[in-house]
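Chain residues, written in single-letter form:
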Amino acid sequence: MAYVELDEGPRILTNVVNTPADAVTIGMPVEVVFEDIDEGLAIPKFQRTRA
Amino acid sequence: VSLRGKSAVVGVYEHPTRYAPHLTPYQIMAESARGALEDAGLSIGDVDGLCTAGVGPIGVLALANHLNLRPSYLDSTNLGGSSFVAHVAHASAAIAAGLCNTALVLYGSTAASERFAVGTGGGALGDPPDAFEAIYGPTVVGGYAMAAMRHMHEYGTSAEQLAEIAVTTRRHASLNPAAKYHDPITIEDVLASRLVSAPLHLLDCCMISDGGGALVVTSAERARDSKKKPAYVLGAAEAVRHTGIGCEDVLEVAAVQSGPMAMAMAGISHRDIDLRMIYDSFTITVLLTLENLGFCKRGEGGAFVSGGRLAFDGPCPTNTDGGGLSSNHPGMRGIFLVIEAVKQLRGEAGSRQIKKCSVALCHGTGGVISRRHSGATLILGGSRCWTGRTTRSRFHASTRRTVGSGRPARATSSISRSAGRARRPASTRERFVPRASPRRRTTSARAGTARFTRSPSPIRIRPPVSGMNCRT
């Protein structure tokens, strides 16, 4: 669980995924990924920005 | 109109149980009511106000039924764990307004015997914002852990410093016969306990127990005839902090608003406060609350709590009953903050009694820091007409300045503070010089990516604001 600050300004409660827990640090650049949680429903999550 | 000195807490009772599978919350409340009324020298027939929270959908009605009461003032305000601190203020307002004369504030819970998951539960109650959060699987402890992580990142606060709070609180519990845990613990013990949600270890977290308690609040006039020394309500305020529609600052807690308001009503400053009863759902809760109440600056909490400074015989006595960390925590522990404050003001705290206790500050936190939480501050005093050390010290300071102390003019406030100390040796307990304030790592914005929250500018204690509290 983490707050991610979007470039547009707001902070949103979300999950950081596809990133080892030990590698998650405050200030780390992340990018959005959409995860399907139901038919026709996807929610935004974030992963470490790939170089 | 102010609540200051209009009412008093004249009866308190902490139910001794910590595990009671044979009792219902209503039975715990009834037994507690009997205890507090006896403590006050009053009878159930004197009660015409009733406050509770945390039982049933409209449990206050069932409670009135259970006690066979027909009160003229009912309050089931639920702010989470801080509710009962707020109830004292609400009852005081009702008494001042003539809605009732004597109110019972009751709490009972069997969270432990029901195996109710408080901290590891999601804290999703079905309120509208939960829909945007529950999908990410938040937990209560996770919210507090996020704040702790942020504090460590921003100010270099260490796990050892957080552990200090647990260690001191356990020491207090060892002096409280009713407390659940008595064996002393060390910082190493805290760090060696398992991680519940990084960086919070098991011993950074409050327990889940059964329990309950009761308070009797009555008018100042009536309090004069009470059996024991009244604890007068000098000031009170409530506040809420939430995500602010995308502007969450996880290190700002509601105390930043309710604290100064309650202290202004009471007409006191920090150095007037002899005892702090601070909700300790987690060690980080105490640290953040102390900072936001203004006992130290934001970021200095780690140094402030270190070296046993919060001990009952230390410079800043805090949570002398052993707190939720070591005495009891049936889910909403606000009522115990008030009970211990009253005992200390009366001089009834036994081997954990602080030397001199004239003014106590209670601050309850309810809900989840990092998401939505309430804060309720209550200031109690042993005297109804607390003139305060502030006034005297100011007067003294101006005298000193007139005769010329050789200090620069801009140091006025520090002169008045030191003059206050000089007059009253006991207040040297407030002296606090932070050793180091390691402010570090500012994050940089990167184009084309989102990033974790950046630290906002250092906080200042500010008056309550209307409307949005958004700093972007």
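A few points on the structure. (Residues numbered from 1 in each chain as written. Chains lettered and ligands numbered in written order. Predicted model: local features only at pLDDT ≥ 70, side-chain atom pairs only at ≥ 80, totals over all residues. Heavy atoms only, no water.)

## Considerations on the packing of helix 6 (residues 159-174) of chain B against helix 10 (residues 283-293) of chain B
Residues and elements named next belong to chain B.
- Packing of helix 6 against helix 10 brings their axes to within 9 Å, and their N-to-C directions diverge by 100°. When the axes of helix 6 and helix 10 are compared, the pair comes out roughly perpendicular. For the pair helix 6 and helix 10, contact is made by Leu162, Ile165 and Ala166 and by Thr283, Ile284, Val286 and Leu287, respectively.
- Partitioned by chemical class, the residues of the contact of helix 6 with helix 10 number 6 nonpolar, 1 polar and no charged. (Axes fitted to C-alpha atoms, helices over the stretch in contact; angles between N-to-C directions. Helix = DSSP H or I, 4+ residues; strand = E, 2+ residues; numbered from the N terminus. Parallel < 35°, antiparallel > 145°, perpendicular 65-115°, else oblique. Contact = heavy atoms within 4.5 Å. Nonpolar A, V, L, I, M, F, W, Y, C, P; charged D, E, K, R; others polar.)

## Examining the environment of Gly322(B)
All names here are of chain B.
- Within the secondary structure, Gly322 sits in the loop between helix 11 (301-305) and helix 12 (323-327).
- For Gly322, a relative accessible area of 0% translates into the label buried.
- Taking the C-alpha atoms as reference points, Gly322 and Glu340, 18 residues apart in sequence, are found 9.8 Å from one another.
- The residues contacting Gly322, other than those within four sequence positions of it, are Thr169, His172, Ala173, Asp280 and Ser327. (Buried < 20%, exposed > 50% of the residue type's maximum accessible area, 1.4 Å probe, protein only.)

## Side note on the environment of Thr285(B)
All names here are of chain B.
- By the element assignment, Thr285 lies in helix 10.
- For Thr285, a relative accessible area of 0% translates into the label buried.
- Residues Thr285 and Gly54, 231 residues apart in the sequence, show an inter-C-alpha distance of 21 Å.
- Not counting residues up to four positions away in its chain, the partners in contact with Thr285 are Tyr144, Tyr279, Thr365 and Ile369.

Geometry only, nothing functional implied.
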